[in-house]
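Spelled out from the first residue to the last, the chains are:
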Amino acid sequence: MLFRVFRRMSSVDISALRVKYREKKDILLESSIEPKEPFQFFKKWLDDACNTPEIIEPNAMCLATATRDAFPSARFVLLKDVTVDGFTFFTNYESRKADELAENPNVALAFYWLPLRRSVRIEGQAEKIPRADSEAYFHQRPRASQIGALASPQSRPIPSREYLDHKEQAIKDELGPDGVVPLPNWGGYLVRPQIIEFWQGQTNRLHDRIRFRKNICPNEKVDGELLHQGENGWVYERLAP
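The rules behind these values
Residues take numbers from 1 onward in each chain, read along the sequence in its written order. Restriction of local features to residues with pLDDT of at least 70 applies here, the model being predicted, together with a cutoff of 80 or more for giving and counting side-chain atom pairs; totals for whole chains, interfaces and linings are based on all residues. Processing note: side-chain calculations cover all non-hydrogen atoms of the structure and skip hydrogens and water entirely. Secondary structure elements are taken from DSSP: a helix is a run of H or I of four residues or more, a strand is a run of E of two residues or more, and numbering for both begins at the N terminus. Contacts are assigned to residue pairs with any non-hydrogen atoms lying within 4.5 Å of each other. For accessible areas, the Shrake-Rupley method is used with a probe of radius 1.4 Å. Any residue's cover is judged against the shown protein chains and nothing else. When charges are counted, Lys and Arg contribute as positive and Asp and Glu as negative, whereas His and the chain ends are disregarded. Lys charges are placed at NZ, Arg charges at CZ, Asp charges at CG and Glu charges at CD. Put simply, a salt bridge is a Lys or Arg side-chain nitrogen that is within 4 Å of an Asp or Glu carboxyl oxygen. Only protein chains enter the accessibility calculation, which uses a 1.4 Å probe; a residue whose area is less than 20% of its type maximum is buried, one above 50% is exposed, and one in between is partly exposed. Pairs of N or O atoms are called polar contacts if they sit within 3.5 Å, as long as, within protein, a hydrogen donor faces a hydrogen acceptor (for residues adjacent in sequence, only side-chain-to-side-chain pairs).

Draft legend 1. Up close: the overall build of the protein. Looking only at helices and strands, the protein has six helices and ten strands in total. Based on the C-alpha atoms only, the size of the protein along its principal axes is roughly 65 × 50 × 40 Å. Of the contacts formed within the protein by residues at least 6 apart in sequence, a portion of 65% connects residues at least 24 apart. As displayed, the protein offers around 14,400 Å² of accessible surface, 54% of which is attributable to carbon and sulfur atoms. Distance between charge centres in the protein, computed from 35 positive and 34 negative side chains, equals 6 Å.

Put into structure tokens, the structure is as follows:
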């Protein structure tokens with residue numbers, strides 16, 4: 001019933017929408033992942049996305065957080081660094097996402113690069129990076145972005161758009177053209193992953209899914225058939241679509 005109502009509300013029959021993905025000759029094989037750990041392969045896919053003109057923001061990722069009571073929320077942020085330790089993004093430390101991270105550090109990230117028919121899913125824990133690193137990055141940003149971060153009480157109710165404009169102008173007037181913008185309550189988080197899954201779409205919907213993870217259950221074993229030993233403490237497996 002709800003589905004029928006939704007279709008009447010939309011001018012497009014979304015149930016019939018189909019995107020052509022990759023063909024069988026382009027399947028993702030485990031043998032194409034070298035070394036057998038996820039970070040180098042992620043960087044390869046990210047490089048492919050960065051070199052695809054149709055992808056405007058290849059570092060855009062959906063960040064999902066949850067409250068202490070496991071009530072979820074999601075939004076898009078920008079990846080700003082990736083190392084063997086994890087994935088770094090920046091935000092206001094008084095935002096909703098920061099409040100939820102203070103209660104529950106478990107997070108999920110998702111990238112979707114449509115022109116490449118690829119997605120990456122990441123699950124792990126987030127932690128604040130050192131203040132000195134946040135400050136160094138903050139002052140590398142365009143000055144307008146620095147002032148914007150200082151002016152915006154992120155996620156808090158405000159009376160109007162004009163409120164933000166007036167606050168921004170007041171900061172500009174106070175600092176002048178060359179004054180250093182002070183670091184607000186703002187900085188980075190490092191997401192240390194426990195699971196990284198690579199997805200590549202196939203036109204026949206038999207999509208490729210290769211999942212790397214750090215931990216295995218007590219009743220699991222690396223048998224070389226379903227579960228394979230990777231490098232640097234990772235194991236990997238193929239999942240059915």
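Draft legend 2. Quick peek at the pattern of salt bridges. Counted according to the given criterion, the structure contains 20 salt bridges. Note that Lys20 is salt-bridged to Glu23, the shortest N-O span being 3.6 Å. The partner of Glu30 in a salt bridge is Arg238, and the shortest N-O contact between them spans 3.0 Å. Residue Glu30 is located in the loop between helix H1 (2-9) and helix H2 (38-50), and its partner Arg238 is located in strand S10 (residues 235-238); the two are separated by 208 residues in the primary sequence. Here Glu30 falls in the partly exposed class, since its relative accessible area comes to 22%. Salt bridges linked by common partners bring Arg211, Arg213, Glu220 and Glu237 together as one network.

Draft legend 3. Seen up close, unusual backbone geometry. Between Glu34 and the following residue, Pro35, the backbone shows a cis peptide bond with an omega angle of -5°. Topologically, Pro35 is positioned in the loop between H1 and H2. The backbone of Ala70 shows a phi angle near 70°, a positive value even though the residue is not glycine. Here Ala70 lies in the loop between strand S1 (60-66) and strand S2 (72-78). Even without a glycine there, the phi angle at Arg117 is positive, about 55°. Mapped onto the fold, Arg117 is located in the loop between strand S5 (106-113) and strand S6 (118-128).

Draft legend 4. Main features of the side chain of Glu197. Along the chain, the position of Glu197 falls in strand S7 (residues 186-200). On the accessibility criterion, Glu197 (5% relative accessible area) is buried. A distance of 2.7 Å separates a polar atom in the side chain of Glu197 from a polar atom in the side chain of Arg209. When residues no more than four places from it in sequence are discounted, the contact partners of Glu197 are Ser119, Val120, Arg121, Arg209, Ile210, Arg211 and Leu239.

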